[in-house]
Amino acid sequence: LFAVQADAVFQTATPLSPTRQAIYLQRANLKILEKKYDEAADLLEYAVSLNPNVPQVKFQLGLVLTYTPERNKGLNLMVDAVTSFSDTYFTNDIAELNHIARVALEEKRYEVAAIVFANMTFLNFESMDNWNNLFEALKISRYNKKYILEYLNANLHRKVLSPEASQRAAEVLSFIENDTR
């Protein structure tokens, strides 16, 4: 019932402001809740066409596409949303991150897995699983690790880590520094 009522509101709102990207993003979110990923993708593709310079919308389209046969296109859009804008966007929803990581690994897109595991590490610097997953993904990825190195260097000094996490962070940083030379 909620979905029907909400969709009716969006049907009314869309003609009132047909170029407002947020309306299409919210309609797509409703379709995602209903697991209607193809319909959500159509709405998000239109939203991106309205303004391709909004990383959140591009990321959301990429995420939705990972639930469709266009998984690789979705991964590409998410990487673009994370790396191509001065104002990047990445989810902090652990379930979404786990899904993206799983799809990236299944598709052998290790550079995407590295970005996802880096984001998970950023969310919880104390998680040894996050550090270990990041390290393993970095070892097999051909991704330019400079982005991850810069973020870690900018943020690690703000955290007080356990000895175990601190040691693993040092190993990861050393690996990245040696790999980017």
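Residues numbered from 1 in each chain as written. Predicted model: local features only at pLDDT ≥ 70, side-chain atom pairs only at ≥ 80, totals over all residues. Heavy atoms only, no water.

### Comments concerning the overall build of the protein
Basically, it comes down to this: In this description a helix means any DSSP run of H or I spanning at least four residues, a strand means any run of E spanning at least two, and both kinds are numbered starting from the N terminus. With a 1.4 Å probe rolled over the protein chains alone, any residue whose accessible area is under 20% of its type maximum counts as buried; one over 50% counts as exposed, and the rest are partly exposed. To be clear on the numbers: accessible area is Shrake-Rupley with a 1.4 Å probe, and residue cover counts the displayed protein chains and nothing else. The positive count covers Lys and Arg only, the negative count covers Asp and Glu only, and His and the chain ends enter neither. To locate a charge, take NZ of a lysine, CZ of an arginine, CG of an aspartate or CD of a glutamate.
For the protein, the helix and strand inventory stands at 10 helices and zero strands. Secondary structure of the protein in N-to-C order comes out as α-α-α-α-α-α-α-α-α-α. With the C-alpha coordinates aligned to their principal axes, the bounding extent of the protein is approximately 55 × 30 × 30 Å. Burial status across the protein gives 47% buried among its 181 residues. Counting only carbon and sulfur atoms, one obtains 51% of the accessible surface of the protein, whose full area is about 9,700 Å². Charge-centre separation for the protein: the mean point of 19 positive side chains lies 2 Å from the mean point of 22 negative side chains.

### Description of the layout of surface pockets
Convention followed: In this analysis a 1.4 Å probe is tested at points of a 1 Å grid over the protein atoms alone, and where it fits but cannot get out there is a cavity; an open set with protein on both sides within 12 Å along at least five of seven lines is a pocket; lining residues have an atom within 4 Å of a point. Grid points are joined across faces, edges and corners, and a volume is the space filled by probe spheres set on the points. Ten residues, namely Ala, Val, Leu, Ile, Met, Phe, Trp, Tyr, Cys and Pro, are considered nonpolar, four, namely Asp, Glu, Lys and Arg, are considered charged, and the remaining ones, Gly among them, are considered polar.
The volume enclosed by the largest pocket comes to roughly 160 Å³. Contributing to the lining of the largest pocket are Ile32, Leu33, Lys35, Tyr37, Gln60, Leu63, Val64, Tyr67 and Glu96. Breaking the lining of the largest pocket down by element, the ones donating at least two residues are α2 (21-33) and α4 (55-65). The element that contributes the greatest number of residues to the lining of the largest pocket is α4, accounting for three residues. Its residues assigned to classes, the lining of the largest pocket shows six nonpolar, one polar and two charged.

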